[in-house]
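For reference, the chains in residue letters:
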Amino acid sequence: MQSFFDDTVLPVIRSSSILKETAPLLDALDSSLSSLSELQSIIVQYIVKVLADECLNHLKSANDIPRLYRRTNRDVPKTASSYVSLAVNVLHDFKRKYVNESRRDERAYEIIHNDCIRNAIDSICLRYQAIANDLLESVRKMEDSLRRLRKVRPDRSIASNLSNLANQPTAQMSDDDKIRLQLHLDMVEFGNQLADRFDGYKGDSNYEALFKLVDEINSQLTNSNQSSNAATIVNE
């Protein structure tokens, strides 16, 4: 806008002799451009909120993972949950819908469009991290509760049931570890899809914080597996 005024409008004004002093006009233009810039920021923030909220509606499905694995004898998870693709598709559809539309100032529009997507990804990573943290904490509390219950009530029938479960193929991994593993698969797939669809961008520092949870889950699963193997050796 500024270059158009300087290169096209201003020479015409000066040649016409209509205005001898162009400073007031330039001040008015600067003021208008400043107002437009503020409005642009508000619009970007609104678009980011809409995109993030829609993605969050899908990411909240992570809260259903415990219900799928606790006391259901379900197989050990091997693939990511469908909600991951649904969440990332929200952003990808936005990118695909608007990226090819014709604009007078393609470069300026591209910057705004990328800002919307990147800010939305940053926001989503933070909110997904909060969901994952809460889920892992609830799993830990459930484990602690069951552990205390077994200490207080060393019922033979409970021990017998645990022994029977241990002989089943799907019981080689506990329900809580299945929950952790499913969340691990989901978060890794989430990062992979973001990187694949948005030119390698997946939230930078925000996703790094989210991915620390993946390392934490890996550590928990490793420790749990080692404990199970030790218990098996002792029983033998």
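Values in this document were obtained by computation on a predicted structure and should not be read as measured data.

Let's talk about the packing of aromatic side chains
Part 1: Under the defined criterion, the tally for this structure stands at two aromatic pairs.
Part 2: With a centroid separation of 6.4 Å and 85° between ring planes, the pair formed by Tyr83 and Tyr128 is classed as edge-to-face. Separated by 45 residues along the polypeptide, Tyr83 in helix 4 (residues 82-98) and Tyr128 in helix 5 (residues 106-152) bring together distant segments of the chain. This pair shows no difference in class: Tyr83 is buried, exactly as Tyr128 is.
Part 3: Aromatic pair Tyr128 and Phe190: ring centres 5.0 Å apart, planes at 75°, arrangement edge-to-face. In this pair, Tyr128 sits in helix 5 while Phe190 sits in helix 7 (residues 175-197), placing the two residues 62 residues apart along the sequence.
Part 4: According to the relative accessible area criterion, Tyr128 is buried, its value standing at 0%.
Part 5: Across from the ring centre of Tyr69, 5.6 Å away, lies the NZ or CZ of Arg74, which sits over that ring.
Part 6: Positioned above the aromatic ring of Tyr201 is the side chain of Arg118, whose terminal nitrogen or guanidinium carbon lies 4.2 Å from the ring centre.

Here we look at a nonpolar patch on the surface
Part 1: Side chains of Leu39, Ile42 and Ile43 sit close together on the surface and give an oily, nonpolar patch of about 270 Å² of accessible area.
Part 2: As for its placement among the helices and strands, Ile42 is situated in helix 2 (residues 23-59).
Part 3: In this structure Ile42 comes out as exposed when scored by relative accessible area, which is 53%.

With respect to helix 4
Part 1: The end-to-end C-alpha separation of helix 4 is 25 Å, in line with the 24 Å expected for 17 residues at 1.5 Å each.
Part 2: Asn89 marks where helix 4 bends most, by close to 30°.

Comments concerning the pattern of salt bridges
Part 1: Tallied over the full model, the rule gives eight salt bridges.
Part 2: In this structure, Arg96 and Asp93 form a salt bridge, with 2.7 Å as the shortest nitrogen-oxygen distance. With Arg96 and Asp93 both in helix 4 and three residues apart, the pair spans about one turn of that helix.
Part 3: Two residues, Arg180 and Asp177, come together in a salt bridge whose shortest N-O distance is 2.8 Å. With Arg180 and Asp177 both in helix 7, this residue pair falls three residues apart, about one helical turn. Across the pair, Asp177 and Arg180 agree in class, each one buried.

Cut-offs used in this document
- Residues numbered from 1 in each chain as written.
- Predicted model: local features only at pLDDT ≥ 70, side-chain atom pairs only at ≥ 80, totals over all residues.
- Heavy atoms only, no water.
- Phe/Tyr/Trp six-rings, centres within 6.5 Å; stacked < 30°, edge-to-face > 60°.
- Helix = DSSP H or I, 4+ residues; strand = E, 2+ residues; numbered from the N terminus.
- Buried < 20%, exposed > 50% of the residue type's maximum accessible area, 1.4 Å probe, protein only.
- Lys NZ or Arg CZ within 6 Å of the ring centre and 35° of its normal.
- Patch = residues over 30% accessible without salt bridge, like charges linked within 9 Å, V, L, I, M, F, W, Y side chains within 5 Å.
- Areas by Shrake-Rupley, 256 points an atom, 1.4 Å probe, with all protein chains shown as cover.
- Salt bridge = Lys/Arg side-chain N within 4 Å of Asp/Glu carboxyl O.
- Expected span 1.5 Å × (residues − 1).
- Bend = angle between axes of the 7 residues up to and from the residue.

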